[in-house]
Amino acid sequence: MDVKIEQSWKEALADEFEKPYFAALARQLHREKAEGRVIFPPGPEIFKAFELTPVDQVKVVILGQDPYHGYGQAMGLSFSVPDNMPSPPSLKNIFKEIEDDLGIRMSGRPNLEGWARQGVLLLNAILTVRSGEAASHSGIGWQQFTDAVIRYLSEHCNGIVFLLWGNFARSKKELIDTSKHHVLEAAHPSPLARGAFFGCRHFSKTNEILISENKTPINWQL
């Protein structure tokens, strides 16, 4: 696996990289590539969320499930796609909620790197997927790895805002020490949730919490 991960995360997760499950995960990916299967995101972008948001800069975590499985979409950041791609439906709903919540106009730019560089860890629970096969890598070990990421943040950091959207993300709440951190829960922004995400006001609430923690709020306007 072409691992590109920021140094503070490499140190924080060193034990995980040495565990048998991670070696098995890497072998699985190598085997599938050798068989000619197309895997998203591209190897150098698998750990992009970590690359853009070092451990000591994490202020917010937005947890997704697994990468987009269409060509050119997945870029290693939950909910984000490159600038040359149209915004997926969930991201359109996220932008609509931001506009309604904060009274600002979003450009519609679907690349969320600007959030990541401000301390928003855009973490998918599963970091890879086979082309055209949603959740195809849900059972190869990624969730053990990303659960360890959430536990590490919970144990070693303070005052992080975790945004858990939908039942899958909400299931990770048990990994978070809510005496040290803040958890905001809502329906998933997918259209399948029939608009239940709207009105959660998570973006203004997140900034209010960050200010109360003496942290710089997020500029959500890309």
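Scroll up a little and you will see the structure.
Nothing here was measured: the structure is a model prediction, and the numbers come from that model. (Residues numbered from 1 in each chain as written. Predicted model: local features only at pLDDT ≥ 70, side-chain atom pairs only at ≥ 80, totals over all residues. Heavy atoms only, no water.)

Some thoughts on the overall build of the protein chain
Okay, step 1: Counting its regular elements, the protein chain contains nine helices and six strands.
Okay, step 2: The C-alpha radius of gyration computed for the protein chain amounts to 17 Å, which stays within 12% of the reference 17 Å derived for 222 residues, consistent with globular compactness.
Okay, step 3: Overall size of the protein chain, expressed as C-alpha extent along the three principal axes, is 50 × 35 × 25 Å.
Okay, step 4: In the protein chain, buried positions account for 52% of the 222 residues.
Okay, step 5: Relative to all contacts within the protein chain whose residues are 6 or more apart in sequence, the contacts with residues 24 or more apart total 68%.
Okay, step 6: In the form shown here, the protein chain has an accessible surface area of approximately 10000 Å², with 47% of it arising from carbon and sulfur atoms. (Helix = DSSP H or I, 4+ residues; strand = E, 2+ residues; numbered from the N terminus. Rg over C-alpha atoms; globule rule 2.2 N^0.38 Å. Buried < 20%, exposed > 50% of the residue type's maximum accessible area, 1.4 Å probe, protein only. Contact = heavy atoms within 4.5 Å. Areas by Shrake-Rupley, 256 points an atom, 1.4 Å probe, with all protein chains shown as cover.)

A closer look at the packing of helix α5 (residues 89–102) against helix α9 (residues 202–212)
Okay, step 1: Following both chains from N to C, one finds α5 and α9 inclined at 60 degrees, their axes separated by 8 Å at the closest point. Where α5 abuts α9, its residues Ile94, Glu97, Ile98, Asp101 and Leu102 lie against His202, Phe203 and Ser204.
Okay, step 2: For the contact of α5 with α9, the per-class residue count stands at four nonpolar, two polar and two charged. (Axes fitted to C-alpha atoms, helices over the stretch in contact; angles between N-to-C directions. Nonpolar A, V, L, I, M, F, W, Y, C, P; charged D, E, K, R; others polar.)

Observations regarding the side chain of Glu97
Okay, step 1: In this structure, Glu97 sits in helix α5.
Okay, step 2: Of note is the side chain of Glu97, whose polar atom sits 2.7 Å from the backbone nitrogen of Gly199.
Okay, step 3: Excluding its chain neighbours within four sequence positions, the residues that come into contact with Glu97 are Phe197, Phe198, Gly199, Cys200, Arg201 and Phe203. (Polar contact = N/O pair within 3.5 Å; in protein donor to acceptor, adjacent residues only side chain to side chain.)

Digging into the pairing of strand β3 (residues 120–124)
Okay, step 1: Among the five residues in β3, five count as buried, and that is most of the element.
Okay, step 2: Burial of β3 is two-sided: the residues Val120, Leu122 and Asn124 facing one way and the residues Leu121 and Leu123 facing the other way are all buried.

Digging into the sheet that holds β3
Okay, step 1: Ordered in space as β3-β2-β5-β6, the four strands form an open sheet in which the pairing is parallel. Pairing within the sheet leaves two strands with one partner each, and these edge strands are β3 and β6 (182–186). The sheet shows a mean angle of 20 degrees between the axes of neighbouring strands, direction not considered.
Okay, step 2: Where strand β5 (residues 161–165) meets β6, five bridges bridge the pair, whose relative direction is parallel. By the bridge assignment, Phe162 is partnered in β6 with Val183.
Okay, step 3: Where helix α7 (residues 142–156) meets the sheet, its contacts fall on β2 (60–64), β3 and β5, and the angle it forms with β3 comes to roughly 150 degrees. (Pairing = 2+ DSSP bridges.)

So, α5
Okay, step 1: End to end, α5 covers 20 Å across 14 residues, agreeing with the expected 20 Å (1.5 Å per residue, within 8%).
Okay, step 2: Taken together, the buried positions of α5 are occupied by Ser90, Leu91, Asn93, Ile94, Phe95, Glu97, Ile98, Glu99 and Asp101.
Okay, step 3: Looking at the packing, one finds that the buried side of α5 touches α6 (113–116), β5 and α9.
Okay, step 4: Positive backbone phi, at 65 degrees, marks Gly103, one or two positions downstream of α5. (Expected span 1.5 Å × (residues − 1).)

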